[in-house]
Amino acid sequence: MNTSFEVVVVGGGPVGLWLACELRLAGLSVVVLERRTKRVEQSRALTIHGRTLEVLSLRGIEDRFLATGKPITAGHYAVLDTRLDFNIFDSRFPYTLFIPQKATEEIIEQRALELGVDIRRGAVVEGMTVDSGSVSVRGAGPEGAFELTGAYVVGTDGARSIVRREAGIDFVGYPATAMALMGDVVLDAPPSVPLFSEFNERGSVMVAPLGDGRHYRIVLNEAVDRGVTRDDPVTFEELTSVTRMIAGTDFSARDPLWLSRFDNETRLVSHYRRGRIFLAGDAAHIHLPAGGQGMNVGIQDAMNLGWKLAAVVKGEAPEYLLDTYEQERRPVGAYLHDTTMAQGYLITGFSPHGRALRGVFNDMLKNPEINAYFARQVSGFGVRYPEALPGCAGSSSSLLGNRIRDTELQLKDEDRTNLYSLLSAGKWVHLAFDAGEQVAIPEWLPTDAVIFEEVRGVEHASMFSGLKAILIRPDGYVAQSAEERHVDAA
Ligand SMILES: Cc1cc2nc3c(=O)[nH]c(=O)nc-3n(C[C@H](O)[C@H](O)[C@H](O)COP(=O)(O)OP(=O)(O)OC[C@H]3O[C@@H](n4cnc5c(N)ncnc54)[C@H](O)[C@@H]3O)c2cc1C
């Protein structure tokens, strides 16, 4: 078995698997070390937000998720009655997709195997040693002790990350102050709305479909602390009695699939990178799972890191490009840290003062602009990378760092294609709207890493209005554009 890789990924959850797909797509040798021998049956995450669906679509595999999940056009902030309206997004995916994490991981793992990622299950990483040109990773696997080397190592090994510990990176934040109870069950009398919630002085109940067409998730926050600890097993009787106590009904729940507790411990790493070691996903940020964000943000960490790491390993970009991973993604993690703490405060606001504050927020969310602001933050559509990449001179465009939506393009040779199809190989894409127009590409980027196309028409003409040419990064964000031109509709 091979023991030397360009990248060793520790942890085969959704984030590690997606990162491995990105690295392998670029042709790197990648191994994923996963301590579990089998995937977990229970699903923590239920939602894939619209921007993550765009990420999956950028690689042409969104249909695999859409075939299984259930689209819902509303989201919530802090379980407030005024829902977030996802219909407003200018995207092919103006909704959140309810799909169990187990299905998400299955689909991503299948793609990783198709791309030829070496996935080693039952491989428990126990330590690492860094030297000047590589990192060696030690552990125990089904065939005994192992030692592998990688030019780079990425820790996607979750909240208790050993990679983070071995790299000596601080995980700064706050211990848990509140705990919630949850159960995935069949409901014989489900609520009539897709996303149900009840909030009163006794606590809160939220009910959402699991996305598998059969089960629902009940999430409970109680106003009174019963002295239960995180490790106390949840019983079905506890779930139904607390649900009845708060909501007056248990929705005729039966056949529990998973009963659990979770808390609001909130932490963010001080650094996303130390030399040859990177962190992504829950290894870099943990928080209250409010609004369904952790896995989504983690997959987008992986999307940001993947092409950069691949470009550096292949010699297509200078090493300093890797610093932009932390520069771009840590602010997203910091916002997630703060906004989930704020949601947690509102979610446990059972006192008269807390309920008054919730009332104020409920009213504020009725304002479409405020609603859109929160909807963008929760869904990932609000992420923007406003700093020009190093070596990308003269980027002053107002589009710099914006995500690009999918649209049909009419090319010079009369062919029609979707923009995301052009991006699906993981390369950069340069579009010229007039013959010969070109933006400055980064000085270090080889031209064969870029797909150049001349465009005669665009389905969503307004998105390129006033542009002469545009350069799009492999993760679907604008790197550079040249402005002042009118584009006709296709
Ligand atoms: C109740 C609940 C609901 C949630 N709902 C949502 C939601 O709707 N949407 C959303 O986006 N997020 C949600 N989340 C958060 C989401 O589940 C996590 O953010 C996501 O699983 C993080 O993915 P990851 O790959 O970073 O880490 P993980 O999924 O934790 O994967 C880490 C992997 O690393 C492996 N590993 C750990 N240590 C080692 C080692 N030493 N050696 C080898 N392998 C190792 C583990 O076995 C694991 O497979 C929810 C969380 C909870 C608790």
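Residues numbered from 1 in each chain as written. Predicted model: local features only at pLDDT ≥ 70, side-chain atom pairs only at ≥ 80, totals over all residues. Heavy atoms only, no water.

1. Structural notes on the nonpolar core
Ranked by size, the top nonpolar core spans 106 residues in total, and within it Trp 18, Leu 431, Phe 464 and Ile 470 carry the most contacts. Ranked by the residues each element gives to this core, the list is headed by helix 7 (residues 294-313), at ten residues. Counting residues domain by domain, this core receives three or more from each of domain 1 (4-175 + 266-379) and domain 3 (408-483). Grouped together as the second largest cluster of nonpolar side chains are 28 residues, Leu 46, Met 206, Ile 347 and Val 378 included. (Core = buried A, V, L, I, M, F, W, Y, C linked by side-chain atoms within 4.5 Å. Buried < 20%, exposed > 50% of the residue type's maximum accessible area, 1.4 Å probe, protein only. Helix = DSSP H or I, 4+ residues; strand = E, 2+ residues; numbered from the N terminus. Domains from an automatic or database assignment.)

2. Side note on the pattern of salt bridges
Using the criterion set out here, one finds 36 salt bridges in the structure. Arg 217 is paired through a salt bridge with Asp 184; the nearest N and O atoms lie 2.7 Å apart. Separated by 33 residues along the polypeptide, Arg 217 in strand 16 (residues 215-222) and Asp 184 in strand 13 (residues 179-187) bring together distant segments of the chain. Each of the two residues, Arg 217 as well as Asp 184, counts as buried. The partner of Arg 254 in a salt bridge is Asp 255, with the nearest N and O atoms 2.7 Å apart. (Salt bridge = Lys/Arg side-chain N within 4 Å of Asp/Glu carboxyl O.)

3. Considerations on the packing of helix 2 (residues 50-58) against helix 7
For any two helices packed against each other, one specifies the crossing angle of their axes together with the interaxial distance. At a minimum axis separation of 10 Å, helix 2 and helix 7 run at an interaxial angle of 35 degrees. Crossing hand, helix 2 versus helix 7: left-handed. From helix 2, Arg 51, Thr 52, Val 55 and Leu 58 reach across to helix 7, where they touch Asn 296, Ile 299, Gln 300 and Met 303. Looking at the contact of helix 2 with helix 7, its residues break down into four nonpolar, three polar and one charged. (Axes fitted to C-alpha atoms, helices over the stretch in contact; angles between N-to-C directions. Left-handed = near helix turned anticlockwise from the far one by under 90°. Contact = heavy atoms within 4.5 Å. Nonpolar A, V, L, I, M, F, W, Y, C, P; charged D, E, K, R; others polar.)

4. Focus on the UniProt feature "domain: FAD-binding" (unreviewed entry) in the chain
Look at the UniProt record and you will see "domain: FAD-binding" (unreviewed entry) annotated at residues 6-337. The span residues 6-337 is 28% helical and 32% strand by assignment, and the distance between its end C-alpha atoms comes to 32 Å. (UniProt positions renumbered as here; feature names shortened; annotations may be inferred.)

5. Side note on unusual backbone geometry
For Val 79, which is not glycine, the phi dihedral falls at a positive 55 degrees. At Phe 251, a residue that is not glycine, the phi angle is positive and equals roughly 55 degrees. Mapped onto the elements of the fold, Phe 251 is located in the loop between helix 6 (236-247) and strand 17 (253-263).

6. Focus on the sheet that holds strand 27 (residues 478-483)
With respect to topology, six strands assemble into an open sheet ordered 23-22-25-24-26-27, the strand pairing being mixed. Either end of the sheet is taken by a strand with one partner, and the two such strands are strand 23 (416-418) and strand 27. In this sheet, adjacent strand axes meet at a mean angle of 35 degrees when their direction is disregarded. In the sheet, strand 24 (residues 428-432) pairs with strand 26 (residues 467-472) via four bridges, with the strands oriented antiparallel. Bridge assignment links Ala 432 to a residue of strand 26, and that residue is Ala 469. (Pairing = 2+ DSSP bridges.)

7. Notes on the environment of Arg 244
Position of Arg 244 among the secondary structure elements: in helix 6. Among the residues examined, Arg 244 registers a relative accessible area of 37% and is labelled partly exposed. Through-space distance from the C-alpha of Arg 244 to that of Thr 324 is 50 Å; in sequence the pair is 80 residues apart. Other than its neighbours up to four places away in sequence, Arg 244 contacts Glu 237, Thr 249 and Asp 250.

8. Structural notes on the layout of surface pockets
Its volume calculated, the second largest pocket comes out at about 420 Å³. Lining the second largest pocket are 25 residues, with Glu 328, Pro 331, Val 332, Val 383 and Arg 384 sitting closest to its centre. Secondary structure elements with two or more residues in the lining of the second largest pocket: helix 7, helix 8 (323-347) and helix 10 (368-379). A total of seven residues in the lining of the second largest pocket trace back to one element, the largest contributor, which is helix 8. Its residues assigned to classes, the lining of the second largest pocket comprises twelve nonpolar, nine polar and four charged. (1 Å grid on protein atoms, 1.4 Å probe; cavity = no way out; pocket = protein on both sides within 12 Å on 5 of 7 lines; lining within 4 Å. Points joined across faces, edges and corners; volume = space filled by probe spheres on them.)

9. Focus on the domain arrangement of the chain
Domain annotation of the chain identifies domain 1 (4-175 + 266-379), domain 2 (179-263) and domain 3 (408-483). Each of domain 1 and domain 2 has a C-alpha centre, and these two points are 26 Å apart. In this complex, domain 1 contributes 25 residues to the contact, which on the side of domain 2 involves 24 residues. Across the domain 1/domain 2 interface, buried area totals approximately 1,900 Å², and carbon plus sulfur atoms make up 71% of it. Remark: the boundary between domain 1 and domain 2 carries zero salt bridges. The interface formed by domain 1 and domain 2 contains four residue pairs in polar contact (both at pLDDT 80 or more). Elements that contribute at least two residues to the side of domain 1 that touches domain 2 include exactly strand 4 (70-72), strand 5 (74-75), helix 8 and helix 9 (352-364). Classifying every residue of the side of domain 1 that touches domain 2 gives twelve nonpolar, seven polar and six charged. (Buried area = accessible area lost by both parts, 1.4 Å probe. Polar contact = N/O pair within 3.5 Å; in protein donor to acceptor, adjacent residues only side chain to side chain.)

10. Examining the pairing of strand 13
Taking burial as the measure, the nine residues of strand 13 include eight buried ones, the bulk of the element. Two elements, strand 13 and strand 16, share six bridges in a ladder whose sense is antiparallel. The partner of Leu 181 across the bridge, within strand 16, is Leu 220.

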